[in-house]
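Residue-level listing of the chains:
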Amino acid sequence: MDFSLSLIVELALLGLCTGFLAGLLGLGGGMMMVPFLTIILTARNYPEQYVIKMAVATSLATICFTSLASVRAHHQRGAVRWDLVRRLVPGILLGSILGSQLAVALPAHVLGYLFAGFVTFSATQLFLNRKPKPSRTLPGTAGLFGVGNLIGVLSSLLGAGGAFISVPFMTWCNIAIHNAVATSAAFGFPIAFAGSIGYAIAGWSLSDMPPGALGYLYWPAFLVLSIASMLTAPLGARVAHTMEVAPLQRVFAFVLYALAGYFILR
């Protein structure tokens, strides 16, 4: 369970790829990062009962940095609906903590099936390029608190940034798509921060974790993945403005289907 040079190289390559794809396709890195990080850690005989939870916790923590960089860019363009952020974040914080505790309580294979379902759903949305039709207005404060809870629980449970729920929800409520994407980016930090703390506390007393683990959060991998993904995300965003992305979305969807199959079979 040594943190070797070969492991650093593998994590760096994973971070570079996920960062580029996140910028190119507008996706959170969790869909790619969690399955491949699970494969990498499993191959090195890390505790099998903890591997997927470590992957989810570590993927979630990387969102802390990437979301700050993203929301800064969106804020400079005046696209973030900070009024919605203020109303949704309390529910998101509570949900993120609850989601991390739920993930830890679930057997590893159940969490794997849930993640496979999430990846399959996301891949289908990508393949069909399906977007919800605006049909209603935003709910009141209590309704938004409940929605925030749902976003936080599922995001923390799956190691994702929440855009897979929050963007369709806001679009459905007649929020312009560029405002929905920008506002969703602002949710990334509270989701990642609260969820990461939850995973660290939940695994605090485990004695058979690898060196460098803080609870379920694997700090060495978190640092390498964060730095690498931040390097290539801007490049992916620039490339996205120079080419047709829809065909790439369909190719990426098939990759996600394969990763979902891996989680089911393992």
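In case you missed it, the structure is sitting above this.
Reading guide: rules and limits
Sequence positions are assigned chain by chain, starting from 1 and proceeding in written order. It should be noted that, the model being predicted, local features are given only for residues of pLDDT at least 70 and side-chain atom pairs only at 80 or more, the latter also being counted only at that level, while totals for whole chains, interfaces and linings use all residues. Excluding hydrogens and water, the side-chain values take into account all heavy atoms of the structure. Salt-bridge detection follows one rule: a side-chain nitrogen of Lys or Arg within 4 Å of a carboxyl oxygen of Asp or Glu. Here a helix means four or more residues in a row that DSSP labels H or I, a strand means two or more in a row labelled E, and each is numbered from the N terminus. Buried means the residue's accessible area, taken with a 1.4 Å probe over protein chains only, is under 20% of the maximum for its type, while exposed means over 50%, and partly exposed covers the values in between. Think of a polar contact as two N or O atoms within 3.5 Å of one another; within protein, one of them needs to be a possible hydrogen donor and the other a possible acceptor, and neighboring residues in sequence only count if both atoms come from side chains. Residue contacts follow a heavy-atom distance rule, with two residues in contact if any of their heavy atoms lie within 4.5 Å. Residues grouped as a nonpolar core are buried Ala, Val, Leu, Ile, Met, Phe, Trp, Tyr and Cys residues, joined through side-chain atoms within 4.5 Å. Put simply, two rings from Phe, Tyr or Trp (the six-membered ring, in Trp's case) pair if the centres are within 6.5 Å, and we call them stacked under 30 degrees between planes, edge-to-face over 60, tilted for the rest.

Q: I'd like a description of the pattern of salt bridges, backed by residues and values.
A: Opposite charge on two side chains makes pairing possible when the charged atoms of those side chains draw close. Throughout the structure, instances matching the rule amount to two salt bridges. For R44, the salt bridge identified is with E10, shortest N-O distance 2.9 Å. Taken together, the residues span a long stretch of sequence, with R44 in the loop between α2 (30–43) and α3 (48–76) and E10 in helix α1 (residues 5–25) at a distance of 34 residues. On the accessibility criterion, E10 (31% relative accessible area) is partly exposed. When the shortest N-O distance is used, the salt bridge between R81 and D83 registers 2.9 Å. D83 gets classed as partly exposed once you look at its relative accessible area, which sits at 30%.

Q: Provide a residue-level description of the side chain of T183, including the pertinent values.
A: Counting through the fold element by element, T183 comes out in helix α8 (residues 177–202). In terms of polar contacts, T183 uses its side chain to reach the backbone amide nitrogen of R81, at 2.9 Å. Within polar-contact distance, the side chain of T183 engages the backbone oxygen of N179 at 2.7 Å. When residues no more than four places from it in sequence are discounted, the contact partners of T183 are A79, V80, R81, L84, V85 and M170.

Q: Lay out the nonpolar core in plain terms, naming residues and giving numbers.
A: Residues L11, M54, F187, Y199 and Y216 are the most contacted members of the largest nonpolar core, which totals 69 residues. Looking at which element gives the most residues to this core, the answer is α3, with 11 residues. Ignoring anything within four residues of it in the chain, the contact list for F187 reads L84, V85, L88, V89, I92, S166 and M170.

Q: Go over the packing of aromatic side chains, please, and point to the residues and values.
A: Counted by the stated rule, this structure contains four aromatic pairs. For the pair Y46 and Y218, a centre-to-centre distance of 5.6 Å together with 70 degrees between the ring planes defines the contact as edge-to-face. On the criterion of sequence distance, the pair formed by Y46 in the loop between α2 and α3 and Y218 in strand β2 (residues 217–218) is long-range, its members being 172 residues apart. In this structure Y46 comes out as buried when scored by relative accessible area, which is 3%. For Y218, a relative accessible area of 0% gives the class buried.

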